[in-house]
Amino acid sequence: MAGIVLQTEGGSGGIVIDDDWPGYSLELFSYPAHYAGDLECVVVPHGVIMDRTERLARNIMDDLGDHDIVVLCVLKGGYQFCADLVDKIKALSCSSDRTIPMRVHFIRLKSYLNVLIVEGIIGTGKTLKALLKHVEAFKPKMIKVAGLLVKRVPHNTARLPHYVGFEIPDRFVVGYALDYNEYFRDLNHICVISESGKLKYKM
Ligand code: IMP
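Calculation notes
Residues numbered from 1 in each chain as written. Predicted model: local features only at pLDDT ≥ 70, side-chain atom pairs only at ≥ 80, totals over all residues. Heavy atoms only, no water. Pairing = 2+ DSSP bridges. Helix = DSSP H or I, 4+ residues; strand = E, 2+ residues; numbered from the N terminus. Phe/Tyr/Trp six-rings, centres within 6.5 Å; stacked < 30°, edge-to-face > 60°. 1 Å grid on protein atoms, 1.4 Å probe; cavity = no way out; pocket = protein on both sides within 12 Å on 5 of 7 lines; lining within 4 Å. Points joined across faces, edges and corners; volume = space filled by probe spheres on them. Nonpolar A, V, L, I, M, F, W, Y, C, P; charged D, E, K, R; others polar.

*Asks:* Please provide a residue-by-residue account of the sheet that holds strand β2 (residues 39-44), values included.
*Replies:* The three strands are arranged β2-β9-β8 in an open sheet whose pairing can be described as antiparallel. Of all the strands in the sheet, the pair left with one neighbour each is β2 and β8 (173-174). In the sheet, β2 pairs with strand β9 (residues 190-193) via four bridges, with the strands oriented antiparallel. Bridged to L39 within β9 is I193.

Okay, here's the thing in structure tokens:
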């Protein structure tokens, strides 16, 4: 087990992926052939991301159902998670008597009441901290944060998201809209990039 255990305000830091877990072999999954040799392993397969996202959507519905919320998507790494999370919330709204009226924004932010910030990955937390400062300046009634991945980075002092998909080791991951110099956004699984992949797509 890793040395640092993350906790969100709600108590659950998401599914914990240990530092010493080697990941799934790439042979077990399909992925774009042009990335052969560029990846080390699959950390979170696409199906698991979707199942976990569905559960986060249910948690969000339970907490925020009937609130009018603005979903703020942090580009570009957060767009796939945001799109899938919003889809799952919509599906739950259709199949229950509770609904969340939602508007999705990407950059613009005015004076909103309830804001759900959706981020793909949180590393040191500096980006999220700066964003929260910006959003808080508009004095919304409520701010919640959903992060698909939170890295176990030493000395991370930032506030953790209220909704966490997975807590992962401090390694550079790509896929599911997370990129390395704009590559790998077309990969469905979340994978660890290989050293040769880093060299190949180095700027
Ligand atoms: P932070 O400010 O250190 O929390 O970093 C957050 C931002 O860095 C994310 O929004 C990503 O754009 C980028 N980032 C950090 N780690 C990774 C990674 O493992 N893969 C892809 N992007 C990452």
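So much for the structure itself; the text now carries on.
*Asks:* Lay out the packing of aromatic side chains in plain terms, naming residues and giving numbers.
*Replies:* Throughout the structure, instances matching the rule amount to seven aromatic pairs. One aromatic cluster in this structure is built from Y35, Y183, F184 and Y201.

*Asks:* With reference to specific residues and values, describe empty space enclosed by the protein.
*Replies:* A probe matching the size of a water molecule, rolled over the atoms, marks out where space remains unfilled. By the definition in use, this model includes two cavities of 30 Å³ or more. Size it by volume and the largest cavity reaches roughly 90 Å³. Looking at side-chain class alone, the lining of the largest cavity contains nine nonpolar, one polar and three charged residues.

Keep in mind that these numbers describe shape and distance, not what the molecule does.
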